Amino acid sequence: YAALSIVVGKLTDRFSPRLIVSICGAAIGIGYILMSQVNAIWQVYLAYGVLVGIGTGGSFVPPATAIARWFVKRRGLMTGIFASGVGAGVILMPPLANWMISTCGWRTSFIILGIVTLVATIVPAQFLRRDPTEMGLKPYGEDEIKRENVVPVEEYSSGEATHTKQLWLLVISYVCFGFSQQAIMIHIVPHATDLGISAIMAASIMSVIGGLHAAGKIGIGGICDKIGSKSALVISFSIIVVSMFLLMFAKEAWMFYLFAIIFGFAYGGIAGLISPTVAELFGLRTLGPLLGIVTCAWGVGATLGPIMAGHIFDTTQNYFQAFLVSTLLSILGLVMILLLK
């Protein structure tokens, strides 16, 4: 996912997002169908790790760049609404998958999921357009922005942007975010069950995070349109830090649910602000590859965080130090955002 984000970003600027999303949707669907036939661990890595990984690498950047080009006004809100689909999936898919497995078995469930994924990605992708000029339209709110004499964003090439401090501050902040966010998402259920919380209640914490994740993307996306992406990111990272302190000392179920509400809302906001922030800083000229770079940064952190947390638990037999590291990195991410101009 991380490696493909930059490649997909470049391809999206060169070709239609319709083509890229169709190919990536096909990769996910085929990967799921092949998962129904696995009999060895290397086949899991190939079908799920490689094919589904390739597919998800194109699940965010192409639609996000299209939305940034279609909307001048309300870009944050529209991006949040689009990205909230991830949160809806987190809520809906675990119980649905559990029902399918208990009814049909896991092999048949993977086939069903693969077919549904193929249809649900490739068919809607045919209606995607890279920007409104392909249909003889103007971006939403463009004329209004011109009437208000808003100074246009300077348009950077990808090479010019990589020589700015701003891009690397954003990259570091999203590495920190990905590290902390995925360390928690992967390990919070075993952490809760270790403390005596039932498996069902621990799993429901994920659903709460998913629901608030969707709400955060929409809510903070709307706030971004009013106060700017930097201020919205400062608010989101600050809330994340507060939630991390709560998690370190959570012992009872209600504390975990409170954490899930706070963390999920802020996590959704930060994830949904990637595209509006890059567009606000660097313009739309090479939005695809620049968005890919920041998304890749998140992926690098998301790869390292769960491994680090697992290693610390194996060494210390508790998650306190792992969550402490995640908290410190969240604070570092906040500092990077505060330094953005």
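Everything here concerns the structure above.
The structure reproduced in this document is the subject of the present report. (Residues numbered from 1 in each chain as written. Predicted model: local features only at pLDDT ≥ 70, side-chain atom pairs only at ≥ 80, totals over all residues. Heavy atoms only, no water.)

A word on the pattern of salt bridges
Part 1 of the argument: Within the structure shown, the criterion is met by one salt bridge.
Part 2 of the argument: Between Glu-160 and Arg-285 there is a salt bridge, with its nearest N and O atoms 3.9 Å apart. Taken together, the positions of Glu-160 in helix H8 (residues 158-161) and Arg-285 in the loop between helix H13 (274-282) and helix H14 (287-316) put the pair 125 residues apart, joining distant regions of the chain.
Part 3 of the argument: The class of Glu-160 is partly exposed, set by a relative accessible area of 41%.
Part 4 of the argument: Accessibility expressed as a relative area gives 49% for Arg-285, which makes it partly exposed. (Salt bridge = Lys/Arg side-chain N within 4 Å of Asp/Glu carboxyl O. Helix = DSSP H or I, 4+ residues; strand = E, 2+ residues; numbered from the N terminus. Buried < 20%, exposed > 50% of the residue type's maximum accessible area, 1.4 Å probe, protein only.)

Focus: the nonpolar core
Part 1 of the argument: Counting residues in hydrophobic clusters, the biggest one holds 71 residues, and the most contacted among them are Leu-170 and Tyr-174.
Part 2 of the argument: Every residue in contact with Tyr-174, bar those within four places of it in the chain, is listed here: Leu-233, Ile-270, Leu-273, Ile-274, Val-294, Ala-297 and Trp-298. (Core = buried A, V, L, I, M, F, W, Y, C linked by side-chain atoms within 4.5 Å. Contact = heavy atoms within 4.5 Å.)

Considering the packing of helix H10 (residues 199-227) against helix H11 (residues 229-248)
Part 1 of the argument: Between H10 and H11, the shortest axis-to-axis distance is 7 Å and the interhelical angle comes to 135 degrees. In terms of axis orientation, H10 runs oblique to H11. From H10, Ile-220, Cys-224 and Ile-227 reach across to H11, where they touch Ser-229, Ser-231, Ala-232, Ile-235 and Ser-236.
Part 2 of the argument: Each residue belonging to the contact of H10 with H11 can be placed in one class, and the counts come to five nonpolar, three polar and no charged. (Axes fitted to C-alpha atoms, helices over the stretch in contact; angles between N-to-C directions. Parallel < 35°, antiparallel > 145°, perpendicular 65-115°, else oblique. Nonpolar A, V, L, I, M, F, W, Y, C, P; charged D, E, K, R; others polar.)

A few points about the state of the cysteines
Part 1 of the argument: For the coordinates displayed, the defined rule picks out zero disulfides.
Part 2 of the argument: As a non-bridged cysteine, Cys-176 has Cys-296 as the owner of its nearest cysteine sulfur, 15 Å distant.
Part 3 of the argument: Owing to a relative accessible area of 15%, Cys-296 belongs among the buried residues under this scheme. (Disulfide = S-S within 2.5 Å.)

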